[in-house]
Amino acid sequence: MGRMAGAGDEELRSRFEALVREQLERARRVAWRILGDGDLAAAEDVTQDALVRAYRGLAGFRGEARMETWFYRILVRQAQNHRRWRAVRELWSGTTREVSGGDEEPGDPLLRARVLAALGSLSAAQREAFVLVHLEGFSVREAAELLGRRPGTLKTHLKRAAAKLRGELGDLASWQDREPIRTASSSG
Amino acid sequence: MAGQGTDPDGQLVRLIDESYAPPPLTASDRARLRSRLDARLERARPGRRWWPVAAAALPAVLLALFVLRPAPEPLRPVEVPTQLAVDWASDLLYPPEIVAAEDEEGRADALPEEYRAIEVLLAGY
């Protein structure tokens, strides 16, 4: 691997292999959720691009952060860039892509539509914070690092997102069960 | 964990988690993604990048351009008109007197006053 030529580099490569094996599905889901338009092909493209980028930058990985955190930072940035470019393209072409939850998904389509509409009412920053912390199980500190924001700012986004979602979807949830939040999807 | 007020109801989060997710990755999806990724990683290998090839080829390209550059036109002797050369030599040997034209009032109109004063001083007229 060019610059990576020692035993340490072999180890990096094997760690990257393990990352791909274990995180592919989660990475695809994180990308899909951050893009927020139900475009599965775009989410897969973003995931692939992020993995290729990470592979190329593997020699620069210094191990200061976990490889997983390092990779998800690349993935989140890739998804944000994709979303911005998509917005520019839509602005330029005067078309808007319809947000869909994906027809192949199981479950109640009406419920899904309501959830999508509620998430669509959040700002991009609020949705990203909500997705990473509450749905993907990153800690506030990790999510702040992934998004390049301060933990305090992230908490503010989370608070506002929670309030909006309670307002939009509160009638769907039973308020008797007020367990703490650790219900994020497990990795992989 | 997030601070006070940042945690929505657990059931609500569960509901969103279930409703806001892509279809699960099937074995064939995984194989397809993996093979596409492997092909891209193979292309992304540092040894396969274009810039080392370009860097290696650059000196050869520059050398080829140097060798194949168009030949410059040969130097041709410049013909100086004989009269021009004679005039120049003549001017050198016999500097022409600069005579200021005088206007109706008898003042030199080509030189400023200071120069006129110096001229008078030196030439005595």
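All values reported here derive from a predicted model rather than from experimental measurement.

The rules behind each value
Residues numbered from 1 in each chain as written. Chains lettered and ligands numbered in written order. Predicted model: local features only at pLDDT ≥ 70, side-chain atom pairs only at ≥ 80, totals over all residues. Heavy atoms only, no water. Helix = DSSP H or I, 4+ residues; strand = E, 2+ residues; numbered from the N terminus. Buried < 20%, exposed > 50% of the residue type's maximum accessible area, 1.4 Å probe, protein only. Contact = heavy atoms within 4.5 Å. pLDDT = per-residue confidence, 0-100. Expected span 1.5 Å × (residues − 1). Phe/Tyr/Trp six-rings, centres within 6.5 Å; stacked < 30°, edge-to-face > 60°. Lys NZ or Arg CZ within 6 Å of the ring centre and 35° of its normal. Salt bridge = Lys/Arg side-chain N within 4 Å of Asp/Glu carboxyl O.

A. Local environment of the overall build of chain A. The secondary structure content of chain A amounts to seven helices and zero strands. Secondary structure elements of chain A, listed N to C terminal, follow the sequence α-α-α-α-α-α-α. Scored against the burial criterion, the 188 residues of chain A give a buried share of 48%. Relative to all contacts within chain A whose residues are 6 or more apart in sequence, the contacts with residues 24 or more apart total 69%.

B. Looking closely at the confidence of the model for chain B. Residue and element names in this part refer to chain B. Confidence in the prediction for chain B averages 76 pLDDT; 71% of positions are at 70 or higher. By mean pLDDT, the top-scoring element of chain B is helix α2 (residues 27-44) (90), and the lowest-scoring one is helix α5 (residues 113-123) (76). For this predicted complex, the interface confidence score (ipTM) comes to 0.77, while the overall pTM stands at 0.65.

C. Just helix α4 (residues 82-93) of chain B, in detail. When the terminal C-alpha atoms of α4(B) are compared, their 17 Å separation across 12 residues agrees well with the 16 Å that a helix rising 1.5 Å per residue should span. α4(B) sits mainly on the outside: zero of its 12 residues count as buried.

D. Summary view of the side chain of Arg86(A). All names here are of chain A. Following the sequence through the fold, arginine 86 ends up in helix α3 (residues 67-93). Of the residues examined, arginine 86 reaches a relative accessible area of 13% and is grouped as buried. For arginine 86, the contacting residues outside a window of four places in its chain are Leu35 and Asp37.

E. The packing of aromatic side chains, seen in detail. As enumerated under the stated definition, the model contains five aromatic pairs over all chains in all. Pairing Phe16(A) with Tyr55(A) gives two aromatic rings, centres 5.4 Å apart and planes at 50°, and the pair type is tilted. Of this pair, Phe16(A) sits in helix α1 (residues 7-35) while Tyr55(A) sits in helix α2 (residues 40-56), and the two are 39 residues apart along the sequence. Both residues of the pair, Phe16(A) and Tyr55(A), count as buried. Above the ring of Tyr72(A), the side-chain terminus of Arg26(A) is found at 5.2 Å from the ring centroid. Of note, Arg69(B) hangs over the ring of Phe66(B), and the distance from its end group to the ring centre comes to 4.5 Å.

F. Geometry of the pattern of salt bridges. Taken as a whole, this structure holds 20 salt bridges over all chains when the rule is applied. Glu17(A) is the salt-bridge partner of Arg34(B), the closest N and O atoms lying 3.1 Å from each other. Highlighted residues: Arg34(B) in helix α2 and Glu17(A) in helix α1, drawn from two different chains. Between Glu44(A) and Arg28(A) there is a salt bridge whose closest N-O contact spans 3.2 Å. Residue Glu44(A) is located in helix α2, and its partner Arg28(A) is located in helix α1; the two are separated by 16 residues in the primary sequence. The network of salt bridges with shared partners includes Arg26(A), Arg29(A), Arg33(A), Arg66(A), Glu68(A), Glu136(A), Glu142(A) and Asp17(B).

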